[in-house]
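Next come the chains, spelled out residue by residue.
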Amino acid sequence: MKKGLAKRGWDTSKTEVLDQIISIDDTRKKMQTLSDAELAKINTLSTQIGDLFKSGNRDEAENLKQGIADIKATNETYLSQLKEAEAQLEAMLLTVPNIPHLSVPSGNTDADNEVYKDWDKTLPVVDGKPHWDLGTQYNILDFELGNKITGAGFPVFRGKGSRLQRALINFFLDESTRAGYEEIVPPLLVNESTARATGQLPDKDGQMYYCERDDLYLLPTAEVPITNIYRGDIVDEADLPLKMTGYTPCFRREAGSYGSDVKGLNRVHQFDKIEIIQVTKPEHSYQTLEEMLNHVEQLLIKLELPYRILRLCGGDLGYTSALTFDFEVYAAAQQKWLEVSSVSNFETFQSNRLKLRYKDNSGKKQLAHTLNGSALALARIIVALLENHQTPEGIIIPAALRPYTGFDMIN
RNA sequence: GGAAGAAUGGCAGAGCUGGUUUAAUGCACUAGUCUUGAAAACUAGCGUACGUUUACGCGUACCGGGGGUUCGAAUCCCUCUUCUUCCGCCA
């Protein structure tokens, strides 16, 4: 564990917490045993008192009652220590991120990410406009209007831009369904338990929009409600893998972002995303990860966009993930790579919080593995479609998308 | 938003005037007997978590969540959540 966490930049001063956790857990166990023994005494005595009352032996019953007060007092001290240990344990465990997979490279920033699969053709050279200019030119995208209605980072799509968005949603959902995923329409607001189970809380507390009056969070990703469908469940081994997909808007505060990263559609507070989610047996999860990578890759090929796949280094890896591959798409006018998908294996990190288990053939209960990936995130796909497929006559829609848009060019 | 009622094991459903309930019973499920095979019948088993034990097992907690009263709570009290019915509002 310590070696794995070192990839996230955890030095010995931080991994010390693991030893503390083990020691506090020992205390917890001890207090549990002691408290159980006291409670057992009370149970035995209570039964005796009941019998004595029935046989009319009131005095002796009153005698026994005296002793119970002492037992209770003793139990109280055990119980308070038990509760304290449990509280400390929970607080400490929440500070420990997932242990990176063996293949995760060391490193602190995105510069240390490994290019897992590079774009093997030459990158397109476009002597054209960035998407924010194209959006205005064809009247499909309006940032000013979004500022007026809501604020920065909430763009308005209109006309063919709006239609393109709807086309992409339907295209991605159809592709997921064809690959065997069950389509889900989840709630867009979730409660605290749900956000905690998939690991957004406490890690991403400041990044989610929060409705104080009702104590609910706006989704940062469909992963949250959809993975939580099976929270607390024990599923049959025969039902695995569970495959689900869903389209939702995603809301992210993106506190602390600035500069060219947030220009145009590059980083917005509300965007649409189609997510694919799987629950698998532990021994199959890395094979499943490959399968999901392949699914996402096929989408980008069908959209005729230049892409590359990165294996995230320890420092860039999400808090909850054991292994993550990012897909980046090339925005030709900005000459920038933009992340459009993140495909991760969480192993048991989420299922442990979810209490999502399966019963194997011998009847034993085991934690399942959970995985998810974007297939795909819309806003940046639109960036790439506009910038890469622009011509002097207009923006060409890829063939795979035309049945969904109903037009083959934006002009 | 207002009023009344309800929440029990995979499902149905007793218990709810506090102490042989270690939660009855039925269905479903699993194994066995019987049968050429199946069905039926019969027999047995059948929840979760934590702790403990080499192991068989044992202890504790859990009857929507949390708290309280009591020697003892599924049962009494408080509170929250959800559901049902009625009223109000409304796509």
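Residues numbered from 1 in each chain as written. Chains lettered and ligands numbered in written order. Predicted model: local features only at pLDDT ≥ 70, side-chain atom pairs only at ≥ 80, totals over all residues. Heavy atoms only, no water.

Student: Outline the protein's contact with RNA strand B, supporting the account with residue identities and numerical values.
Tutor: Around RNA strand B lies a shell of 19 residues, among which Arg28, Thr33, Asp36, Ile68 and Arg357 are the nearest. Protein-proximal atoms of RNA strand B, defined as those within 4 Å of the protein, fall in sugar or phosphate at a share of 77%. Within the side chain of Asn43, a nitrogen or oxygen atom sits 3.3 Å from a phosphate oxygen of RNA strand B. Of all the secondary structure elements, the ones that give two or more residues to the surface near RNA strand B are α2 (12-54), α3 (58-93) and β14 (357-359). Broken down by element, the residue count for the surface near RNA strand B peaks at 13 residues, all from α2. Broken down by class, the residue content of the surface near RNA strand B amounts to 5 nonpolar, 5 polar and 9 charged. (Near = heavy atom within 4 Å. Polar contact = N/O pair within 3.5 Å; in protein donor to acceptor, adjacent residues only side chain to side chain. Helix = DSSP H or I, 4+ residues; strand = E, 2+ residues; numbered from the N terminus. Nonpolar A, V, L, I, M, F, W, Y, C, P; charged D, E, K, R; others polar.)

Student: Tell me about the packing of helix α6 (residues 160-178) against helix α9 (residues 285-302), residues and numbers included.
Tutor: Relative to each other, α6 and α9 sit at 140°, their axes nearing to 11 Å. As the angle between them shows, α6 and α9 are arranged oblique. Remark: the crossing between α6 and α9 carries right-handed chirality. Residue-level contacts link Phe171, Phe172, Glu175 and Ser176 of α6 to His295, Leu299 and Lys302 of α9. Residues belonging to the contact of α6 with α9 are distributed by class as follows: 3 nonpolar, 2 polar and 2 charged. (Axes fitted to C-alpha atoms, helices over the stretch in contact; angles between N-to-C directions. Parallel < 35°, antiparallel > 145°, perpendicular 65-115°, else oblique. Left-handed = near helix turned anticlockwise from the far one by under 90°. Contact = heavy atoms within 4.5 Å.)

Student: Explain the side chain of Lys7 to me, using residue names and the numbers behind them.
Tutor: Position of Lys7 among the secondary structure elements: in the loop between α1 (2-6) and α2. For the buried Lys7, which has no salt bridge, the nearest side chain bearing the opposite charge is Glu114, at an N-O separation of 9.6 Å. In contact with Lys7, not counting residues within four places along its chain, are Pro100, His101, Leu102, Ser103, Val104, Ser106, Gly107, Gly314 and Gly315. (Buried < 20%, exposed > 50% of the residue type's maximum accessible area, 1.4 Å probe, protein only. Lys, Arg positive; Asp, Glu negative; His and termini not counted. Salt bridge = Lys/Arg side-chain N within 4 Å of Asp/Glu carboxyl O.)

Student: Please set out the pattern of salt bridges residue by residue, giving values where relevant.
Tutor: One pass over the structure, following the stated rule, counts 16 salt bridges. Residues Glu254 and Arg267 are paired through a salt bridge, measuring 3.2 Å at the closest nitrogen-oxygen approach. Residue Glu254 is found in the loop between β9 (242-251) and β10 (270-280), and its partner Arg267 is found in the loop between β9 and β10; the two are separated by 13 residues along the sequence. Residue classification places Glu254 among the buried positions, given a relative accessible area of 17%. Arg267 gets classed as partly exposed once you look at its relative accessible area, which sits at 27%. A salt bridge links Lys273 to Glu275, with the nearest nitrogen and oxygen atoms 2.6 Å apart.

Student: Mind laying out the pairing of strand β11 (residues 307-311), listing which residues take part and the relevant values?
Tutor: Two faces belong to every sheet, and in a regular strand the side chains alternate between them. Summarising burial for β11: 5 of the 5 residues are buried, a large majority. Strand direction decides the pairing type here: β11 and strand β12 (residues 323-331), joined by 5 bridges, are antiparallel. Note that in β12 the partner of Arg311 across the bridge is Phe325. (Pairing = 2+ DSSP bridges.)

Student: Run through the nonpolar core, naming residues and quoting values.
Tutor: Counting 56 residues, the largest nonpolar core has Leu168, Phe172, Leu300, Phe327 and Ile381 as its most contacted members. Secondary-structure elements contributing two or more residues to this core are α6, β10, α9, β11, β12, β13 (336-347), β16 (369-377) and α11 (378-388). Among the elements that take part in this core, α11 stands out by supplying 8 residues, more than any other. Once residues within four sequence positions are removed from consideration, Leu300 is found in contact with Leu305, Tyr307, Phe327, Val329, Val340, Leu376 and Ile381. (Core = buried A, V, L, I, M, F, W, Y, C linked by side-chain atoms within 4.5 Å.)

Student: Account for the sheet that holds strand β15 (residues 365-367), with residues named and values stated.
Tutor: If you walk across this open sheet you meet the 3 strands as β8-β14-β15, and the pairing is mixed. The strands lining the two open edges of the sheet, one partner per strand, are β8 (234-236) and β15. Each adjacent strand pair in this sheet contributes to an overall mean axis angle of 35°, direction not counted. Examined bridge by bridge, β14 and β15 share 3 bridges and lie antiparallel to one another. Bridge pairing in β15 links Arg357 to Leu367.

Student: Describe the packing of aromatic side chains, naming the residues involved and giving the relevant values.
Tutor: This structure, assessed with the given rule, holds 9 aromatic pairs. Here Tyr210 and Tyr217 contribute two aromatic rings whose centre-to-centre distance is 4.7 Å and whose plane-to-plane angle is 35°, an arrangement assigned as tilted. The structure contains a cluster of three or more aromatic residues connected by ring pairs, namely Trp119, Tyr307 and Phe327. For the cation-ring pair, Lys121 lies above Trp119, with the distance from its terminal atom to the ring centre recorded as 4.5 Å. For Lys243, the ring lying beneath its charged end belongs to Tyr181, and the centroid distance is 4.8 Å. (Phe/Tyr/Trp six-rings, centres within 6.5 Å; stacked < 30°, edge-to-face > 60°. Lys NZ or Arg CZ within 6 Å of the ring centre and 35° of its normal.)

Student: Describe a negative patch on the surface, with residues and values.
Tutor: The grouping of Asp110, Asp112, Asp316 and Glu339 at the surface amounts to a negative patch. Residue classification places Glu339 among the partly exposed residues on the basis of a relative accessible area of 33%. (Patch = residues over 30% accessible without salt bridge, like charges linked within 9 Å, V, L, I, M, F, W, Y side chains within 5 Å. Areas by Shrake-Rupley, 256 points an atom, 1.4 Å probe, with all protein chains shown as cover. Charge placed at Lys NZ, Arg CZ, Asp CG, Glu CD.)

Student: So what's going on with the environment of Ser103? Which residues, and what values?
Tutor: With respect to the secondary-structure elements, Ser103 resides in the loop between α3 and β1 (114-117). Here Ser103 falls in the partly exposed class, since its relative accessible area comes to 25%. C-alpha separation for the pair Ser103 and Leu89, spaced 14 residues apart in sequence, amounts to 29 Å. Engagement of the side chain of Ser103 in a polar contact is seen with the side chain of His101, the distance being 2.9 Å.

Student: Break down the sheet that holds strand β6 (residues 210-211) for me, citing the residues and quoting the values.
Tutor: By way of backbone hydrogen bonds, the strands of a sheet pair with one another, either parallel or antiparallel. Read across the open sheet, the 3 strands follow the order β5-β7-β6; overall the sheet is antiparallel. The open sheet terminates on both sides in strands that have one partner only, identified here as β5 (189-190) and β6. The sheet contact formed by β6 and strand β7 (residues 216-218) spans 2 bridges and is antiparallel. Following the sheet pairing, Cys211 is matched in β7 by Leu216.

Student: Any chance you could break down α3 for me, citing the residues and the numbers?
Tutor: Each full turn of the α-helix corresponds to 3.6 residues, which orients residues three or four apart in the same direction. With 36 residues, α3 should cover 52 Å at 1.5 Å per step; its first-to-last C-alpha distance of 51 Å lies within 8% of that length. Those residues of α3 lying buried are Ala61, Ile68, Ile71, Asn75, Tyr78, Leu82, Ala85, Leu89 and Met92. Where α3 is buried, its residues meet α2. (Expected span 1.5 Å × (residues − 1).)

The analysis is restricted to geometry; functional conclusions fall outside its scope.
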